[in-house]
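# Chain and residue survey
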Amino acid sequence: MTYNDIRKVFLDYFANHGHTIVPSASLIPNDPTLLFTVAGMVPWKGILQGTQAPFAPRVADVQKCIRAGGKHNDLDEVGFDGRHHTFFEMMGNWSFGDYFKEEAIKMSWELLTQVFGLDPNRIIVTTHTTDDEATAIWKKITGKDAIRLDKDNWWSAGDTGPCGPCTEMHYDFGPEFPGGVPGSADEDGGRYVEIWNDVFMQFDRDANGNLNPLPKQNVDTGAGLERVAAIMQGVHDNYDTDLFQHLMAAVSDVTGVAKTPENTPSFKVITDHLRAVGFAIADGVIPSNTDRGYVIRRILRRAMRHGQMLGHRGALLSKLYPALITEMGDAYPELAREKNRVLEIIENEENAFTDMLHNGMKLLDAELPKLTNKTLPGDVAFKLFDTYGFPLDLTQMILRDRGMDVDIAGFDAAMTLQKERSRADTKGTRVLWESQTQLAPTDDTAKYPIDGFAIQCGWADPNGPMDAPEIPIVADIESKIMAILKDGEFVPSANTGDMVEVALDKTSFYGTQGGQVGDAGTLNRDGVPAMTVAEAARVGNVVIHKGTLTAPLAVGDVVKTVINKTVRQQTARAHTATHLLQAALRSVLNEDVEQRGSKVSPDSVRFDFSFGRAMTAEEKTAVEDLVNKWIAADMPVKHEEMSIDDAKARGAMALFGEKYGDRVRVITAGDVSCELCGGTHVTHTGEIIRAKINKEKSISSGIRRITMSVGTMAE
């Protein structure tokens, strides 16, 4: 059976046994403790813990999962064996207070042996040492004596709460493979592979460690599709199955390199990472330098590095993405639906990484001959990180291929020193820019629209006139470099690899202000990137483009400002959603609710407000429902400039403690929200797509904080 066959047979079997079939949930979990959906049970956590009511007594699904960050991290193992993946599919069936041990075990056994046709003699089972009931059921149904294990056969949500014993099914690949049975000293040899796990949640552990029977007993099962496919197709290595072999053929086509035993690890890494990157971005993850965005950026760059090891240069995953759609698009239609957006994001990342790797490798190749041992000094590794954007793990991977290592303690010391220096220099940098009075705005440079409704130029007056012609949100602008700051000094020019701050006479970049993070993108010269802009910040009226040069630049050079369009659009969604959130809070809670701060970024919203107690679950649901009702109404969002007195007369809300000039910008969403704001916004609320409240908590006396996802990430 192929992967597609196995998925269908699995779901059809449980549909015929009364289960409601549901599609996979997003890889972005509704759980602030997790970066990704790491297991099939994550979407059902609330039901399994009794905090949510089930919508059906029994369900089945095939859940997409990623384990590549935090506690659940398989990234470094991928490519060096046949079992580990960053992205995988977990088949599962669930009973929410319906059937329990006997029916769950019976269905697991029947599907494996009668439907999938596996040899019953090659399946061994384990049960928990205390679970005489499950052990007796296995004996009754199959005649098998289960292996009794302790910690490996017990599941719990934490130190307290729902928990219970497990029973696992393992497949015996035969004596030609090393390794002993589960529980033995050599169980990790590879002969016996776990393919199915049934968890029986029957207890609630209290603070004293007592196990109290749950009023409703649940079943939580999981079967790794990759492992089942390997067994069904008669191979021991997951990467020898049909899906991966087809993806590897695409790798050969794109790179022009045939797979050999020597380069097989790189083929494994690329095909695995293609799935993780493609699915994550399709679900709304945007590569970045923090949280899940950083994990995906790291995975993408690791795949690119292995492409380089195969001799390939340039775009890789973006060229392989169509093959992923071919293999998995029928099961996961979001891959094709989000194709254009995914390809744009991957291509931007690949271009930035190619430049970074090219320049960084020059430094690394120059330093290696100087070494007297096989350890790269920590300060050199930090220079690669600080100047060229090389993550430490990328440097380690490159050196590992050469039988070398990195002085980690030296790297950490350099990082600490840089942080201390940065804190000391921040104020000085601001003073330096503020000293550039000779670069004050002229009449021409003071009015250049960023997105058709906002003023944002190199030397912009945010309270100035707004009579410049409208331009699209994605417009690129021809600009002249007015100043370059490098290492605390203004310089006439800078070279490839230099970290600099650049000011232009006008720009399409939004500089961080008003709680909204600044844009990222590139400054292009002669059609190619000359600077990778990691952040656009503001000092007074100056927009500063911070980043690394990928080509020499000088004061007076003409460049084109190219923002990351996807990040900008997602940030605009998030900012307008923040306005709707405040209106909904005032409607559901009371009119005294006031915003006390916010952070609007492309992957999340953080909103602080005055309120004296925790919100109830009903209040949070009501607020979220109201925001989504306004989104669905597709109300027009107006962007107007007026006097502060006119804005007050209209009832426009202002940020607590903020100072405003005589002229202000007012954002009005339908008839529900009217606020003073200088940020970027959508033109209709329907462009936000959806909003999802993730968490609400106290951050100080009388101040609460909500974190919220919007757009495709909320979906």
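One structure accompanies this document, and this report is about it. Only a predicted model underlies this, so the values are computations on that prediction, with no experimental measurement involved.

Residues of strand β27 (residues 673–676) alternate between two faces, with Ser673 and Glu675 on one and Cys674 and Leu676 on the opposite face, all of them buried. The pairing of strand β26 (residues 663–669) with β27 spans four bridges and is antiparallel. Considered in β27, the bridge of Thr668 is made with Cys674. What sits between β26 and β27 in their antiparallel hairpin is a turn of three residues, with Gly670 showing a positive phi close to 55°.

Checked against the element boundaries, Lys268 lands in helix α7 (residues 264–282). Looking at Lys268, the relative accessible area reads 9%, which means it is buried. Leaving out residues up to four positions away in the same chain, Lys268 has contacts with Gly79, Asp81, Gly82, Asp237, Tyr239 and Met248.

What follows deals with the pattern of salt bridges. Under the counting rule described, the total for this entry stands at 33 salt bridges. Note that Glu334 is salt-bridged to Lys64, the shortest N-O span being 2.2 Å. In this pair, Glu334 is assigned in helix α10 (residues 334–337) and Lys64 in strand β2 (residues 58–66), connecting sequence segments 270 residues apart. By relative accessible area, Lys64 is classed as buried at 2%. Salt-bridge contacts for Lys506 lead to Asp505; the nearest nitrogen and oxygen are separated by 3.6 Å.

Below, the discussion takes up the packing of aromatic side chains. Following the criterion strictly, the structure yields 19 aromatic pairs and no others. When the ring of Trp154 is compared with that of Phe203, the centres are 6.2 Å apart and the planes differ by 15°; the resulting orientation is stacked. A residue pair is termed long-range when its members are at least 10 positions apart, and Trp154 in strand β8 (residues 154–156) and Phe203 in strand β10 (residues 192–205) qualify at 49 residues. Neither Trp154 nor Phe203 differs from the other in exposure class; each is buried. For the ring pair Phe385 and Phe411, a centre distance of 5.9 Å and an interplane angle of 75° mean the geometry is edge-to-face. Residue Phe385 is found in helix α12 (residues 378–388), and its partner Phe411 is found in helix α14 (residues 408–434); the two are separated by 26 residues along the sequence. When its relative accessible area of 6% is taken as the criterion, Phe411 is described as buried. Site record: aromatic cluster; members linked through ring pairs are Phe10, Tyr13, Phe14 and Trp196.

Each value, and the rule that gives it
- Residues numbered from 1 in each chain as written.
- Predicted model: local features only at pLDDT ≥ 70, side-chain atom pairs only at ≥ 80, totals over all residues.
- Heavy atoms only, no water.
- Buried < 20%, exposed > 50% of the residue type's maximum accessible area, 1.4 Å probe, protein only.
- Helix = DSSP H or I, 4+ residues; strand = E, 2+ residues; numbered from the N terminus.
- Pairing = 2+ DSSP bridges.
- Contact = heavy atoms within 4.5 Å.
- Salt bridge = Lys/Arg side-chain N within 4 Å of Asp/Glu carboxyl O.
- Phe/Tyr/Trp six-rings, centres within 6.5 Å; stacked < 30°, edge-to-face > 60°.

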